[in-house]
Amino acid sequence: MKDYYSIAKTSNFKSLVEQGLMMKQEASDFSGIGKDKTLVIIFFSPSLRTRISTHKAGLKLGMHVISMNAGDGYQMEFDLGSIMNGNTAEHIKEAAKVLSQFGDMIAIRAFPGLQSKEDDLKDQVLKGFIKYATVPIINLESCLHHPLQGLADAITIEGNKKTAKPKVVLSWAPHPKALPLAVPISFAQAMNAMDYDFVVTHPQGHELPPELVGDLNIEYDQRKAFENADFVYAKSWSSTQYYGIPNPDLSWIVDAEKMAFTNNGKFMHCLPIRRNVVASDSVLDSENALIYEQAGNRVFAAQSVLHSLIEHS
Ligand SMILES: NCCC[C@H](NC(=O)CCC(=O)O)C(=O)O
Ligand SMILES: NC(=O)OP(=O)(O)O
């Protein structure tokens, strides 16, 4: 594994899940693994969980960790051949090559603009860093992928499942803003890799890009999708038909009435969550909600990926 960009491009995904679970269960000291290695983290977009959990994972492996908000640096140019006489002061080519001398690996978060689907599908910040850096790149959520979240989600389901092949439902949820496709794409890729009984439910027009998620089992009737589900994963994402236009249709909220169709199902969400829009307080505060354990598992997901990248470097 050279970079950790997407779950579909990660051939050893199942072993990353197993390693994450092992690192969670064993009280061993892993601080020798990353000794004398430096992890550089750059944020072009906000974060709470990713920022702290990735930093903590680096520290637990004995790494030096340096993080920076990209907004504190120079405005970056991503287009090749551009005449830089406007607002952008530093080309990604220089930034990636310079940061590669400071870090043994570079982790980057860069959300989509949600203005142009064509632009966002290029995922140019992450792909540019992968192209120009000379060290491994870790995707901390780009336009298209959030693979550390997908890994933490798989770790969470593996740790809580009661049958070998649980029924897992990804349910689109309403939101006042249009949100990225990264979390549902990575979740779908994770579920495809794990061979669960995976069903997706969303309104017409919110279809995820088939070239990234494959041939999904889509059920447009949300209550029917929830029948006998062992896990319900709620997430809002932009319409792909009317890209960037919010869909606040509250009839898709996950509430106790809908969860009653499940097999005493567990509720998951990557957080942050808009309470009583995406899911009701009764669902979020129920004992079947796994949201805090799921967020906690982000540390073990990051440890597993950092370990694997160090091992293969
Ligand atoms: N990394 C977890 C989710 C990040 C982002 N959500 C957000 O930006 C929510 C912002 C808000 O609720 O206003 C997303 O959906 O991809
Ligand atoms: N789930 C997640 O990635 O959270 P942050 O956006 O707070 O990092």
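Residues numbered from 1 in each chain as written. Chains lettered and ligands numbered in written order. Predicted model: local features only at pLDDT ≥ 70, side-chain atom pairs only at ≥ 80, totals over all residues. Heavy atoms only, no water.

In the annotation of an unreviewed UniProt entry, the protein chain is listed under the name N-succinylornithine carbamoyltransferase and assigned to Portibacter lacus. Per UniProt, the protein chain carries the Subunit (unreviewed entry) text "Homotrimer." Under Pathway (unreviewed entry), UniProt gives the following word-for-word description of the protein chain: "Amino-acid biosynthesis; L-arginine biosynthesis." (UniProt positions renumbered as here; feature names shortened; annotations may be inferred.)

Visitor: Even after reading the chapter, I still don't get the sheet that holds strand β7 (residues 167–172), so can you show me in this structure?
Guide: Whether parallel or antiparallel, the strands of a sheet pair through hydrogen bonds between backbone atoms. Reading across from one edge, β8-β7-β9-β10 is the order of the four strands in this open sheet, with parallel pairing throughout. The open sheet has two edge strands, β8 (197–201) and β10 (266–268), and neither has a second partner. When strand polarity is set aside, the average angle formed by the axes of neighbouring strands in this sheet is 20 degrees. Lying on the sheet, helix α6 (residues 147–160) is in contact with β7, β9 (231–235) and β10; it crosses β9 at an angle near 160 degrees. (Pairing = 2+ DSSP bridges. Helix = DSSP H or I, 4+ residues; strand = E, 2+ residues; numbered from the N terminus. Axes fitted to C-alpha atoms, helices over the stretch in contact; angles between N-to-C directions. Contact = heavy atoms within 4.5 Å.)

Visitor: In this structure, what is going on with the UniProt feature "binding site: carbamoyl phosphate" (unreviewed entry) in the protein chain? I would like to understand it.
Guide: Mapped onto this numbering, the UniProt entry annotates "binding site: carbamoyl phosphate" (unreviewed entry) at Ser47, Leu48, Arg49, Thr50, Arg109, His146, Pro147, Leu148, Gln149, Cys270, Leu271 and Arg298. Tracing the chain through its elements places Ser47 in the loop between β1 (38–43) and α2 (49–60). Relative accessible area serves as the criterion here: at 26%, Ser47 is assigned to the partly exposed category. A polar side-chain atom of Ser47 sits 3.3 Å from the main-chain amide nitrogen of Thr50. (Buried < 20%, exposed > 50% of the residue type's maximum accessible area, 1.4 Å probe, protein only. Polar contact = N/O pair within 3.5 Å; in protein donor to acceptor, adjacent residues only side chain to side chain.)

Visitor: What am I meant to see in the site of ligand 1 here?
Guide: With respect to spatial proximity, the complete set of residues near ligand 1 consists of Arg109, Phe111, Glu141, His146, His175, Lys177, Leu179, Pro180, Lys235, Cys270, Leu271 and Arg274. Interatomic distance of 3.4 Å between a side-chain N/O atom of Arg109 and a nitrogen atom of ligand 1. A distance of 2.6 Å separates an oxygen atom of ligand 1 from a polar atom in the side chain of Glu141. Relative to its free-state accessible area of 420 Å², ligand 1 is covered by the protein chains to the extent of 85%. Domain assignment of the residues forming the shell around ligand 1 places at least three in each of domain 1 (13–145 + 298–311) and domain 2 (147–294). (Near = heavy atom within 4 Å. Areas by Shrake-Rupley, 256 points an atom, 1.4 Å probe, with all protein chains shown as cover. Domains from an automatic or database assignment.)

Visitor: Just to check I follow, could you spell out helix α3 (residues 92–102) for this structure?
Guide: Residues lying three or four places apart along an α-helix face the same way, a consequence of the helix completing one turn every 3.6 residues. All of the buried residues in α3 are Ile92, Ala95, Ala96, Leu99 and Ser100. One side of α3 holds all its buried residues, which, seen down the axis, span an arc of 130 degrees. For α3, the secondary structure elements touched by its buried residues are β1, β3 (76–77), β4 (90–91), β5 (105–109) and α5 (124–132). (Arc of directions from axis to C-beta.)

Visitor: Would you mind going over the UniProt feature "domain: Aspartate/ornithine carbamoyltransferase carbamoyl-P binding" (unreviewed entry) in the protein chain with me for this structure?
Guide: Following the UniProt record, the feature "domain: Aspartate/ornithine carbamoyltransferase carbamoyl-P binding" (unreviewed entry) maps to residues 10–158 here. The annotated region residues 10–158 carries 42% helix and 16% strand content, and the separation between its end C-alpha atoms amounts to 18 Å.

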